[in-house]
Every structure is written in structure tokens, then in C-alpha cells.
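These are the residues of each chain, in order.
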Amino acid sequence: MRLERDRIVSTALRLLDEVGLEKLTLRRLAAELGVQAPALYWHFRNKQELLDAMSEAIALGAAPVLRPLGEGESWETWLADWVRGRRRTFNSHRDGARLTAGTHPGQGTLATVELILESLVRVGFTRTDAMTGLGTLASFLGGFVLEEQADRERGVSGPEQFEEAVDELDAYPLLRAVLEDQGGPQSDASFEGGVALILAGMRARLAETAGRAGP
């Protein structure tokens, strides 16, 4: 059967879910496709190009298309919804965060970044502050999901494991209390708290910019 680029990528994503990023090799992928490994080089010069295409396929296939910020719409709600969607996107595949962290952005990702920057500049951010805020959100998101997925791989993400971990923190009462409040370092509450803090910082910077600009 003649190989097609989309078929290679979709098969690679299926293998990613089955064996994980470390065990995803071109030889294994070629065997799954019923070809020899050199046949893949007609479509991808190396494994990195394949990983880039897989990351872009996840970004475009598992998340709704981002729309521009609407007139009068809360930029904070709009941006927070986007970050939540990206978290779901990363978690749609095994090792999704690790894959994305090690790849180059494709045209679809770059277009999304440009749209976010344009929307934020429109409400008063400087382009530098908009990029810094977006980059901070992206870094938090990537690190959070890396830990989230690592916990699942280690089998320590369930409620029983969390309770056992908290029980070992009697000597650290503040740490124990905050973990109990949030339900764990990789809980939904912890994620939302981190996003809220970053957005609060962006909001403060936007107010400073508006104050310098004057009436």
C-alpha cells in the first residue's frame, strides 16, 4: 500500500498511545505500516520531523479552532478557556506534553500565537507584555501536564496514593494543609490556581501600561 504522510502520522500517534514516546522508533513504526524504515524518509527527513508533525496533528486535531477575542469580551476568560483546552489537548495522547516540549511549532501553532497576540494587543497590552504573558502561561501549562502525565505513568495519581503521600507530611504542616486544600499538586484546583495567578499578573501589568499612557 502506498504510504501517505497523514497515515504515517496517525499510525505514529496510535503507537505513541500504546508504547509511549521513548519506545516509539522509526523501525517500530515502519513495521506497523508494513514497510521498511527507509520508506519513511520519503516523507520525513528524520525522526524529529515526524515528531514535529505529530505534535502539530495533536494541536490541530484535538482542540477547537481558536476564535479571535470578541468585542467587549473578557480577555481573561477567553485566555483561560484556551489554556484549559490546551491542557485537554496535551492529555489526549500519552506523553503529549513531552512530545510537544521537544518539537518545533508548525504553521497552525504559529497562527494561533499570532491570533492571541493580536487579540491581547487590541485590549491594550504591548506586544512584548502579550508575548511574555502567553509564554508564561504556556510554560506553566507544559510543566504542569508533564508532571500530570508522569504521575499517571508512575501510577501515583489516584486518591489512595495521594492520601498516602499526605500522611507522610506531618512534619510539614503548611505543605500538608495546602495539598489537602487543593487535592494534590496536579489537581484541577491547583491548575486553576496557577492560571489565575498568571492572569492576575497580566492584569496588573495591563493596568500599569494604561496608567503610563494616561487618559
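Scroll up a little and you will see the structure.
Anyway, here's the lowdown on the structure attached to this text.

### Points about helix H6 (residues 107-122)
An α-helix turns once every 3.6 residues. As a result, residues three or four positions apart point the same way.
Okay, so step 1: Here H6 spans 22 Å end to end across 16 residues, near enough to the 22 Å set by a 1.5 Å rise per residue.
Okay, so step 2: Those residues of H6 not exposed but buried are Gly-108, Leu-115, Ile-116, Leu-117, Ser-119 and Leu-120.
Okay, so step 3: Buried residues belonging to H6 abut helix H3 (47-61), helix H4 (75-90), helix H7 (127-154) and helix H10 (188-213).
Okay, so step 4: Following H6 by one or two positions, Gly-124 has its phi on the positive side, about 125°.

### Looking at unusual backbone geometry
Okay, so step 1: Within the chain, Asp-95 stands out as a residue other than glycine whose phi angle is a positive 60°.
Okay, so step 2: Examined against the element boundaries, Asp-95 turns out to sit in the loop between H4 and helix H5 (96-101).
Okay, so step 3: By relative accessible area, Asp-95 is classed as buried at 8%.

### Details of the layout of surface pockets
Okay, so step 1: In this structure, the largest pocket occupies an estimated 990 Å³ of space.
Okay, so step 2: When residues of the lining of the largest pocket are assigned to their parent elements, the largest contribution, 8 residues, is made by H4.
Okay, so step 3: Of the residues assigned to the lining of the largest pocket, the class counts are 22 nonpolar, 12 polar and 7 charged.

### Some details on the pattern of salt bridges
Okay, so step 1: On inspection of all chains with the given rule, the structure shows 17 salt bridges.
Okay, so step 2: Arg-84 is the salt-bridge partner of Asp-81, the closest N and O atoms lying 2.7 Å from each other. Taken together, the residues span about one helical turn, with Asp-81 and Arg-84 both in helix H4 at a distance of 3 residues.
Okay, so step 3: Here Asp-81 falls in the partly exposed class, since its relative accessible area comes to 43%.
Okay, so step 4: Overall, the relative accessible area of 28% leaves Arg-84 in the partly exposed class.
Okay, so step 5: What emerges from the salt-bridge pattern is a single network uniting Arg-14, Glu-18 and Glu-32.

### Observations concerning the nonpolar core
Okay, so step 1: Formed by 27 residues in total, the largest nonpolar core has its most connected members in Trp-75, Leu-79, Ile-116, Leu-120, Leu-137, Leu-199 and Met-202.
Okay, so step 2: For this core, the elements supplying multiple residues, two or more each, are H4, H6, H7 and H10.
Okay, so step 3: Looking at this core, the element that brings in the most residues is H4, giving 7 residues.
Okay, so step 4: Not counting the four nearest positions on each side in its chain, Leu-120 is found in contact with Trp-75, Leu-79, Phe-125, Ala-130 and Met-202.
Okay, so step 5: Grouped together as the second largest cluster of nonpolar side chains are 21 residues, Leu-13, Leu-21, Leu-50 and Ala-53 included.

### Here's the deal with a nonpolar patch on the surface
Okay, so step 1: Together, Tyr-172, Leu-175 and Val-178 give the surface a local cluster of nonpolar side chains, amounting to about 280 Å² of exposed area.
Okay, so step 2: Along the chain, Leu-175 turns up in helix H9 (residues 173-182).
Okay, so step 3: Judged by its relative accessible area of 42%, Leu-175 falls in the partly exposed class.

### A short note on the side chain of Arg-87
Okay, so step 1: The topology assignment puts Arg-87 in helix H4.
Okay, so step 2: Not counting residues within four places of it along the chain, the set of residues in contact with Arg-87 comprises Leu-141, Phe-144, Val-145, Glu-148, Gln-186, Ser-187, Asp-188 and Phe-191.

Conventions and cut-offs
- Residues numbered from 1 in each chain as written.
- Predicted model: local features only at pLDDT ≥ 70, side-chain atom pairs only at ≥ 80, totals over all residues.
- Heavy atoms only, no water.
- Helix = DSSP H or I, 4+ residues; strand = E, 2+ residues; numbered from the N terminus.
- Expected span 1.5 Å × (residues − 1).
- Buried < 20%, exposed > 50% of the residue type's maximum accessible area, 1.4 Å probe, protein only.
- Contact = heavy atoms within 4.5 Å.
- 1 Å grid on protein atoms, 1.4 Å probe; cavity = no way out; pocket = protein on both sides within 12 Å on 5 of 7 lines; lining within 4 Å.
- Points joined across faces, edges and corners; volume = space filled by probe spheres on them.
- Nonpolar A, V, L, I, M, F, W, Y, C, P; charged D, E, K, R; others polar.
- Salt bridge = Lys/Arg side-chain N within 4 Å of Asp/Glu carboxyl O.
- Core = buried A, V, L, I, M, F, W, Y, C linked by side-chain atoms within 4.5 Å.
- Patch = residues over 30% accessible without salt bridge, like charges linked within 9 Å, V, L, I, M, F, W, Y side chains within 5 Å.
- Areas by Shrake-Rupley, 256 points an atom, 1.4 Å probe, with all protein chains shown as cover.

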